[in-house]
Amino acid sequence: MTQPRDLTAKQAIERVRAGELSTAEVFDACQAGARDDELNAFTWVAADRPADAPPDAPLAGMPLAVKDLFCTEGIPSQAGSRILEGYRPPYTASAVQRLTEAGASILAKTNQDEFAMGSSNENSAFGPVRNPWDRARVPGGSSGGSAAAVAAGLAPWAIGTDTGGSIRQPAALCGIVGLKPTYGSVSRFGMIAFASSLDQAGPLTRDVTDAALLFSQMVGRDPRDSTSLERPEPVALPHREDLRGVRLGVPEELSAEAEGIEPGVRQAFEATLRLAEELGAHVEPCRLPHAAHGLSAYYLIAPAEASSNLARFDGVRYGLRVDGDAGLREMYGRTRAEGFGPEVKRRIMLGTYALAAGYYDAYYGRAQRVRTKITEDFRAVFEDFDFVVTPTSPTVAFELGSRVDDPLAMYLSDYCTVPMSLAGIPAISIPNGLSQGLPTGLQIAGPAFSENAILDAAHALEAAIGFDGSPARA
Amino acid sequence: MIDRAEVLHVASLARLDLTSDEVERMAKELSAVLDHIEKISELDLEGVAPTSHVVEVASALRADVPAPSLPRERALAAAPDAGDEGFRVPSPGA
Amino acid sequence: MTSAIEYEPVIGLEIHVQLSTATKMFCGCELSFGDPPNTHTCPVCLGLPGTLPVANERAVHFAMMIGLALECELAPRSIFHRKNYFYPDLPKGYQISQYDEPLCRGGRLGDVRVHRVHLEEDAAKLNHVGTSGRIHGADASVVDFNRGGTPLVEIVSEPDLHSPEQAREWLILLRATMRQLGVSDVNMDEGSLRCDANVSLRPAGSHELGTKTELKNMNSFRFVERGLRAEIERQAELLAGGGSVVQETLHFDPATGSLTPLRSKEEAHDYRYFPEPDLVPVAVTPEMVEAARAQLPELPAARAQRYERELGLDRDRARQLAFRDELGDYFERALAADGREVEAPALANWVGGELVARIGEADPAGSKVAPEALAALVDMVGTRAVTTGAAKQVLDRLAAEGGDPAAIVEAEGLGALGAGDELDGLVDAALAANPQAVESLRAGRGKAIGALIGHVMRETRGRADGGEVTRLGREKLGL
Ligand SMILES: [Mg+2]
Ligand SMILES: [Zn+2]
């Protein structure tokens, strides 16, 4: 019989309910795998199995891998940073709370780029994560640990966060499904903040159905997050098998090789567009005139908010503290200099600069206007199209170390995913076949709160693409 | 283009003690990123309103009802220098 | 040899008012004062990683009441900003405040225009341990987050004040207004009302403003006046000596009354304000405005006007009673006491003068003197049933043990002596006892009657009517 680790979460839940499998078996199998994980996907693994959840609970006790930056009471929550090494919060993030109340059991915390700043997971204070498809390559980031763990079958599913692509890009590079929900769908309370106006939590799963199932238990207005919203309709499991009458827009700006999309990625993308037409979709080019400026706006807005969000790491109430003999000023300077890694420092500097007197209007203020234009671009496109489709990442997984010295090249990994984040709209990445033996991703984005429709379309394409999402396992 | 002096000023605002190598590197890297970002200065954004909140939710206020506070020992549990019933710090003036 | 130029001070006040809500501005921790350190904190007000603020509905409501009371315009949509700077009393590394889109704009109180009113959160308390109480010199400090996150309303006046006295007066009116609104304890010693000031000088008659300095920590009405006076003198000397004023923040030291430049929190003074992404805009609905308006009581300025116009009180007495609402309330209760025809100005003088002289700052409602009793007493004075002197004795007794004035007068035999044998005899005795006075009177020196009156008053412990004594005395001497 198939091993629990070969099953999707939904399949496992069905077997548990049918009495063919126990949650304990699933948990033990995952725990064993997580313990001898060689990908460095985890920063903490549960020592003992939690009490069984009732099988009729929506998530029936399924083990869950949680990105390090979600605060979990009494469990290390370090956001991949040295400044929070060993920090155990006195409370649990709302999203995690909801999932455990729905019957999920916390299996592990996953490695990530420090404070979610990165696209390769090489910015973790706890070492880089390796891609299960090729251990010499990165899993993407910042939710790289979550993506690698799910792709390697070390966890049935995981949650991560996406600020400019941090769920979608690693999902694409690891050959799994990743959903970035509409901004406000999932409470941010308890998520250690990177960029507050962009951060959104979402699922990383083996297939689209699992993504819908996990997502359905995370959503909803949270009185502890002023920016959270009640969804107009509940999340439904996807069933659609065709795309009859669906209008897919292909924005030149985000899909042409001229924009740095690798040929192999572009080919896989085109092949899928043909599949979509066979499924009955109308595929036509569309325009997002300001999308090309998304990256610039993003790399001003996100660092600016981050520079402020990370000011609380000052050595006073928690985390690392490095005293000097020259008083408070030196304590601040040394604590932060030793606690933050190079990329985080770079972004704090960039963000502080963008907000500084005399620069605000030219940088932060301008970026927020560009954000308005990008939102308007999408609004216009969605009058003629149901979805916008693009490659998720311009490239397949790159080699460890190949971009660490070139921030700009690294930033370009988010080229296709950043515009949706700026507009606050939902987007999913699904496996889109291989290029050079490595996974590529297809991104499907829709209007705010169109997750159900996106999941349905993704479900239909997933079946047609027929991707075998299992790298050779160690 | 951002020079050494600007890097040092910004680092001081951000309370980051950078080594002189870091200052050099930061000047180069930030300049490169800013050059790329400069592209947005070409856009005509006359009369375009800035987006500060992508979802417009009305007020979302909290009723003025007390919730339990943390016991002091829990509040201080993670403090690097807890003492005198509080969080000890070097004096700002010192 | 140039004759000294006359300078006119230009003063603007910036007042921080702690709102008396049940909980903090952005979390559910209860407000407290004087509780053990760090016993009113939670992940939100400690700025723990991952926490988010949620604005307090009543704080917004109170701020709207203040805005309406100060005749401001309420913005239909206002937003919070982050004011970024590092300081141990600021757990998040930024203060959530309102910046260029405040809740209230452009109002007035009395004859001073109000520039803006906005909401923000208070900082925590930094207790300096070590060599001195002041920051400088102390080696270590301890942060107490109990106060951190207390809702604050910041009220900024236009620079319409032109003397320390005027500034003090206006501040008293503002405090009375806040107290009447019931939105704050407005206690300056406890810091629930804090006042900073901007001061500059300009040649009398000129209209452009000079360089201003900011004064902090003037935490009593007296200190506000003293601090301003000291700073105005300092600037005047500077200018007179051909020097110029530098823009700086000065710390007022109540002990010495001196002003010392304050070391700035963020020497670069670059707060990098930007819209707070964790909070959504405050959208003021007509319903919210109505709810706030519905709760506005009669405000001190209006009450003082009513006392002047309708009750004929003089300006100072009217303000005294109106600005200390407990005095005003007592006064009005006494006035209404069982339909007696008491003279409002007379009653007001007894409340604001004699009664206050006996009970000081205490709330008269809590004193032994029932408003009805005082009304009755003042009534007896008015109808000459007792003399003013005797009435003061009665009030002493009322203040000490309460009771009914008529009964006290009866028991003590303090009733005024009108014409009649008793007074007749007393006057005869006075004449007999004061031959020189009689001489003088006969010689036409009318003043001498004083001796006779004095004698009778001594004999009657003030119960006699001086006029009646004079009449009788002259009559008996055939004058
Ligand atoms: Mg203020
Ligand atoms: Zn609190």
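To be clear, the structure that these remarks concern was listed above.
Now for a look at the structure at hand. Numbering of residues starts from 1 in every chain and runs along the sequence as written. Whichever chain is written first is A, and whichever ligand is written first is 1; the rest continue in order. Thresholds applied to this predicted model are a pLDDT of at least 70 for local features of residues and 80 or more for the giving and counting of side-chain atom pairs; totals over whole chains, interfaces and linings are not thresholded and use all residues. With hydrogens and water excluded, all non-hydrogen atoms of the structure serve as input to the side-chain values.

1. So, helix α2 (residues 23-35) of chain A
Residue and element names in this part refer to chain A.
Then comes step 1: Look at α2: 18 Å from first C-alpha to last across 13 residues, which is about the 18 Å you get at 1.5 Å a residue.
Then comes step 2: Exposure classes here rest on a 1.4 Å probe applied to the protein chains alone. A residue is buried below 20% of its type maximum, exposed above 50%, and partly exposed in between. The secondary structure listing takes helices from DSSP runs of H or I that are at least 4 residues long and strands from runs of E that are at least 2 residues long, numbered from the N terminus. Burial in α2 covers these residues: T23, A24, V26, F27, C30, Q31, G33 and A34.
Then comes step 3: In what follows, residue pairs with any heavy atoms lying within 4.5 Å of each other are defined as contacts. Those residues of α2 that are buried lie in contact with α1 (9-17), β1 (42-45), β2 (63-67) and β3 (105-110). What a helix should span is 1.5 Å times the count of its residues minus one.

2. Examining the pairing of strand β5 (residues 177-180) of chain A
All names here are of chain A.
Then comes step 1: Burial of the side chains of β5 extends over both faces: V177 and L179 are buried on one face and G178 and K180 on the other.
Then comes step 2: Two strands pair when backbone bridges link them, and β5 and strand β10 (residues 427-435) are joined in this way by three bridges, in the antiparallel orientation. Paired with G178 across the two strands is S429, which belongs to β10. When DSSP finds two or more bridges between a pair of strands, those strands are recorded as paired.

3. Some details on the environment of D35 of chain B
Then comes step 1: In this fold, D35 of chain B is placed in helix α2 (residues 20-37).
Then comes step 2: Sequence separation of D35 of chain B and P66 of chain B is 31 residues, and the distance between their C-alpha atoms is 50 Å.

4. A short note on the coordination of the zinc ion (ligand 2)
Residue and element names in this part refer to chain C.
Then comes step 1: Here the term donor refers to an N, O or S atom within 2.8 Å of the metal (or 3.2 Å for Na, K and Ca), and because water is left out of the atoms, sites may appear incomplete. Taken together, the protein ligands of the zinc ion (ligand 2) are C27 (SG), C29 (SG), C42 (SG) and C45 (SG), with distances of 2.3 to 2.4 Å.
Then comes step 2: In this structure, the zinc ion (ligand 2) is surrounded by four donor atoms whose angles at the metal cover 102 to 115 degrees, and the resulting shape is tetrahedral.
Then comes step 3: Linear spacing of the donor residues for the zinc ion (ligand 2) on their chain is C-x1-C-x12-C-x2-C. Taken together, the residues span a long stretch of sequence, with C27 in the loop between β1 (7-18) and α1 (57-69) and C45 in the loop between β1 and α1 at a distance of 18 residues. Taken as a pair, C27 and C45 share a single burial class, namely buried. Donor angles set the geometry label: tetrahedral for four donors if every angle is between 85 and 135 degrees, square planar for four and octahedral for six if opposite donors exceed 155 degrees and the others are between 65 and 115, irregular for anything else.

5. Notes on the packing of helix α6 (residues 315-323) of chain C against helix α7 (residues 325-336) of chain C
Residues and elements named next belong to chain C.
Then comes step 1: Between N-to-C directions, angles cover 0 to 180 degrees, with each direction set by a line fitted to C-alpha atoms, over the stretch in contact for helices. Closest axis-to-axis distance for the α6/α7 pair is 4 Å, and the angle between their directions is 105 degrees. Put simply, α6 runs roughly perpendicular to α7. Across from Q320, L321, A322 and F323 in α6, the residues of α7 making contact are D325, L327, G328 and F331. For classification purposes, an angle smaller than 35 degrees is called roughly parallel, one larger than 145 roughly antiparallel, one from 65 to 115 roughly perpendicular, and anything else oblique.

6. Let's talk about the interface of chain C and chain A
Then comes step 1: Between chain C and chain A, the contact holds 32 residues from the first and 38 residues from the second.
Then comes step 2: Simply put, the buried area is the total loss of 1.4 Å probe accessible area from both parts when two parts are fitted together. A combined buried area of about 2,700 Å² lies between chain C and chain A, and 60% of that area is made up of carbon and sulfur atoms.
Then comes step 3: Together, P49, L52 and F86 of chain C form the three largest contributors to the area buried by chain C at its contact with chain A, with a combined 23%.
Then comes step 4: In what follows, salt bridge is the name for a side-chain nitrogen of Lys or Arg lying within 4 Å of a carboxyl oxygen of Asp or Glu. Remark: the boundary between chain C and chain A carries one salt bridge.
Then comes step 5: The closest approach of N and O atoms between D278 of chain C and R188 of chain A, which form a salt bridge, is 3.0 Å.

7. A closer look at the interface of chain A and chain B
Then comes step 1: Taken together, the contact between chain A and chain B spans 56 residues of the former and 49 residues of the latter.
Then comes step 2: With both chains or domains summed, chain A and chain B bury close to 4,800 Å², and 68% of this area falls on carbon and sulfur atoms.
Then comes step 3: It is M349, Y353 and R366 of chain A in chain A that bury the most area against chain B; as a group they hold 14% of the surface buried on that side.
Then comes step 4: If you look at where chain A meets chain B, you find four salt bridges.
Then comes step 5: Pairing of N or O atoms within 3.5 Å defines a polar contact, subject to two protein rules: one partner must be a possible hydrogen donor and the other a possible acceptor, and residues neighboring in sequence count only if both atoms are side-chain atoms. For the pair chain A and chain B, the interface holds 19 residue pairs in polar contact (both at pLDDT 80 or more).
Then comes step 6: Looking at the side of chain A that touches chain B, its residues break down into 27 nonpolar, 14 polar and 15 charged. Put simply, Ala, Val, Leu, Ile, Met, Phe, Trp, Tyr, Cys and Pro go in the nonpolar bin, Asp, Glu, Lys and Arg in the charged bin, and everything else, Gly too, in the polar bin.

8. Quick look at the pattern of salt bridges
Then comes step 1: Counted by the stated rule, this structure contains 64 salt bridges over all chains.
Then comes step 2: For D323 of chain A, the salt bridge is made with R321 of chain A, and the minimal N-O distance between the two is 3.1 Å.
Then comes step 3: Judged by its relative accessible area of 14%, R321 of chain A falls in the buried class.
Then comes step 4: Notably, a salt bridge pairs R229 of chain C with E165 of chain C, separated by 2.6 Å at the nearest N-O pair. With R229 of chain C in helix α3 (residues 221-240) and E165 of chain C in helix α2 (residues 164-181), the pair connects residues that are 64 residues apart, well separated along the chain.
Then comes step 5: Sharing partners across several salt bridges, the network here consists of R188 and D225 of chain A together with R82, E276 and D278 of chain C.

9. Some details on helix α11 (residues 405-412) of chain C
Residue and element names in this part refer to chain C.
Then comes step 1: Looking only at α11, the buried set comprises P405, I408 and V409. Down the axis of α11, the buried set is contained in an arc of 100 degrees. They therefore lie on one face. For α11, the exposed residues set more than 90 degrees away from the buried face come down to E410 and A411.
Then comes step 2: Contact partners of the buried residues in α11: α9 (371-382) and α10 (388-401). Comment: arc refers to directions from the helix axis out to C-beta atoms.

10. As for the sheet that holds strand β9 (residues 140-144) of chain C
Then comes step 1: Taken together, four strands build an open sheet; the order of strands is β1(B)-β2(B)-β9(C)-β8(C) and the sheet is antiparallel. Edge strands, defined here as strands with exactly one partner in the open sheet, are β1 (82-83) of chain B together with β8 (125-129) of chain C.
Then comes step 2: When β1 of chain B meets strand β2 (residues 86-90) of chain B, the two strands line up antiparallel, connected through two bridges. Residue G83 of chain B lies in a different strand from β2 of chain B, and its bridge partner there is G86 of chain B.

11. Considerations on the sheet that holds β10 of chain A
Residues and elements named next belong to chain A.
Then comes step 1: Spatially, eleven strands are ordered β1-β3-β2-β4-β6-β5-β10-β11-β9-β7-β8 in an open sheet, and the strand pairing comes out mixed. Strand pairing shows two members of the sheet lacking a second neighbour, β1 and β8 (282-286), which therefore form its edges. The sheet shows a mean angle of 30 degrees between the axes of neighbouring strands, direction not considered.
Then comes step 2: In terms of strand pairing, β10 meets strand β11 (residues 438-445) through seven bridges, oriented antiparallel. In the strand pairing of β11, L434 is matched with P439.
Then comes step 3: This element, helix α11 (residues 361-384), spans β7 (247-251), β8, β9 (387-391) and β11 of the sheet and lies at about 115 degrees to β9.

12. Focus on the nonpolar core
Then comes step 1: For the purposes of this section, nonpolar cores are sets of buried Ala, Val, Leu, Ile, Met, Phe, Trp, Tyr and Cys residues that join through side-chain atoms within 4.5 Å. Within the largest apolar cluster, 202 residues are counted, with the highest numbers of intra-cluster contacts made by F70 and F115 of chain A.
Then comes step 2: Broken down by element, this core gets its largest block of residues, nine residues, from helix α8 (residues 294-309) of chain A.
Then comes step 3: The contact partners of F70 of chain A, leaving out residues within four places of it in the chain, are S77, A93, A95, V96, K109, I159, G160, T161, G190, M191 and A201 of chain A.
Then comes step 4: The next biggest cluster of nonpolar side chains, apart from the first, holds 103 residues, and it includes V224, A322, V351 and A390 of chain C.

13. Let's talk about unusual backbone geometry
Then comes step 1: Here G141 of chain A and S142 of chain A are connected by a cis peptide whose omega angle stands at 10 degrees.
Then comes step 2: The topology assignment puts S142 of chain A in the loop between β3 and α4 (144-151).
Then comes step 3: A positive phi angle, near 40 degrees, is found at A60 of chain A, a position not held by glycine.
Then comes step 4: Mapping A60 of chain A onto the fold places it in the loop between β1 and β2.
Then comes step 5: When its relative accessible area of 0% is taken as the criterion, A60 of chain A is described as buried.
Then comes step 6: The residue R272 of chain C is not glycine, and still its phi comes out positive at about 45 degrees.
Then comes step 7: Along the chain, R272 of chain C turns up in the loop between β14 (258-261) and β15 (274-275).
Then comes step 8: Since its relative accessible area comes to 6%, R272 of chain C is described here as buried.

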